[in-house]
Amino acid sequence: MKKVTLSLYFTVFAFLIFAQLDINAINKRMVKIEDNLFIDKYETSNADYNLFLDYLKAKNETQYLEASVKGNYWTEMLNYGESFNAYYNTHKAYNKYPVVNINFESALAYCQWLTDQYNSSDERKYNKVIFKLPSEKEWTLAANGGNEKLEYPWGNNKICNNKGYYFCNFVIKKDADIQKVTAPVHSYKKTVTGLYNISGNVAEMTNENGTAIGGSWNDDSSKMKINTHDNLSQYTHPMPTVGFRVAMEVVQE
């Protein structure tokens, strides 16, 4: 009887730990785009997503397995992909890197979890919100801040400064031996709306299944531009080039 009680205690204890989310930090990360629409200044990181997975694992093993990162796709793109398969989503060195290799349904499940956690917290800034994947139109508004003439989201029509410093993570030159991958979500130049890596790093899922936007570390500069359909990417399965960024709609202040 004691063993059963003790086991139950640790299960509940683990659940309470994993259920915790820093709502104040979430509030600070949200950048207002228009009226009741906000967007995260960062792409969803491995640390963010792993908190969700820990919650699922403590609550429902089946849902955890369905939402788990599918890491073996790294080897399809990189000669040295095995190390990324093994460590990218789990090692603490990659905590601040964008989560990749998940499917559309898992991203939606993360948004629903974040919605539930936020709306039930006493630390929430708004009474009721909905977290979601942005539409192409909402992503574009977040990238250009309403300035439709803006070519790139960092406020000018150049992809690097006069010293050759590039403003985002993209393929500068294809090389079989030297190839960049993702960068931490807080890297590179901040955009005019205060966002990081909305172009480059990882292409970001939209609310249309199979469509990502903004280009990735494996794309050329044409996909870094805002107002062009060239910045759209199609995916049919989890990929190392595709992640997501959450938008937040305020339903009740």
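Above this text sits the structure in question.
Just so you know, these numbers come straight off a predicted model, no measurement behind them.

Asker: Account for helix α3 (residues 46-59), naming residues and giving values.
Answerer: End to end, α3 covers 20 Å across 14 residues, agreeing with the expected 20 Å (1.5 Å per residue, within 8%). Turning to α3, its buried residues are Asn-46, Asp-48, Tyr-49, Asn-50, Phe-52, Leu-53, Tyr-55 and Leu-56.

Asker: Explain the packing of α3 against helix α6 (residues 104-119) to me, using residue names and the numbers behind them.
Answerer: Two numbers describe how α3 lies on α6: the axes approach to 11 Å, and their chain directions differ by 80°. Of the possible angle classes, the one that applies to α3 and α6 is roughly perpendicular. Here Asp-48, Tyr-49, Leu-51, Phe-52 and Tyr-55 of α3 come into contact with α6, specifically with Ser-106, Ala-109, Tyr-110, Trp-113 and Gln-117. The residue inventory of the contact of α3 with α6, partitioned by class, reads seven nonpolar, two polar and one charged.

Asker: Lay out the environment of Ser-233 in plain terms, naming residues and giving numbers.
Answerer: Here Ser-233 is to be found in strand β6 (residues 232-234). Once the C-alpha coordinates of Ser-233 and Asp-219 are considered, the two residues, 14 residues apart in sequence, prove to be 9.8 Å apart. Setting aside its immediate chain neighbours within four residues, Ser-233 contacts Ala-203, Gly-210, Thr-211, Ala-212, Asp-219 and Lys-223.

Asker: Could you give me a rundown of the sheet that holds strand β5 (residues 211-213), with the residues and numbers involved?
Answerer: Within a sheet, adjacent strands bond to each other through the backbone by hydrogen bonds, running parallel or antiparallel. Taken in spatial order, the four strands of this open sheet run β6-β5-β4-β7, and their pairing is mixed. One side of each edge strand has no neighbouring strand; the edge strands of this open sheet are β6 and β7 (242-243). With two bridges connecting them, strand β4 (residues 203-205) and β5 associate as antiparallel partners. When the bridges of β5 are listed, Met-205 appears paired with Ala-212.

Asker: Run through α6, naming residues and quoting values.
Answerer: Given 3.6 residues to a turn, an α-helix orients residues that are three or four positions apart in the same direction. Between the first and last C-alpha of α6 there are 23 Å, a value that for 16 residues agrees with the 22 Å anticipated at 1.5 Å per step. Three or more residues of α6 are buried, namely Phe-104, Ser-106, Ala-107, Tyr-110, Cys-111, Trp-113, Leu-114, Thr-115, Gln-117 and Tyr-118.

Procedures and definitions
- Residues numbered from 1 in each chain as written.
- Predicted model: local features only at pLDDT ≥ 70, side-chain atom pairs only at ≥ 80, totals over all residues.
- Heavy atoms only, no water.
- Helix = DSSP H or I, 4+ residues; strand = E, 2+ residues; numbered from the N terminus.
- Expected span 1.5 Å × (residues − 1).
- Buried < 20%, exposed > 50% of the residue type's maximum accessible area, 1.4 Å probe, protein only.
- Axes fitted to C-alpha atoms, helices over the stretch in contact; angles between N-to-C directions.
- Parallel < 35°, antiparallel > 145°, perpendicular 65-115°, else oblique.
- Contact = heavy atoms within 4.5 Å.
- Nonpolar A, V, L, I, M, F, W, Y, C, P; charged D, E, K, R; others polar.
- Pairing = 2+ DSSP bridges.

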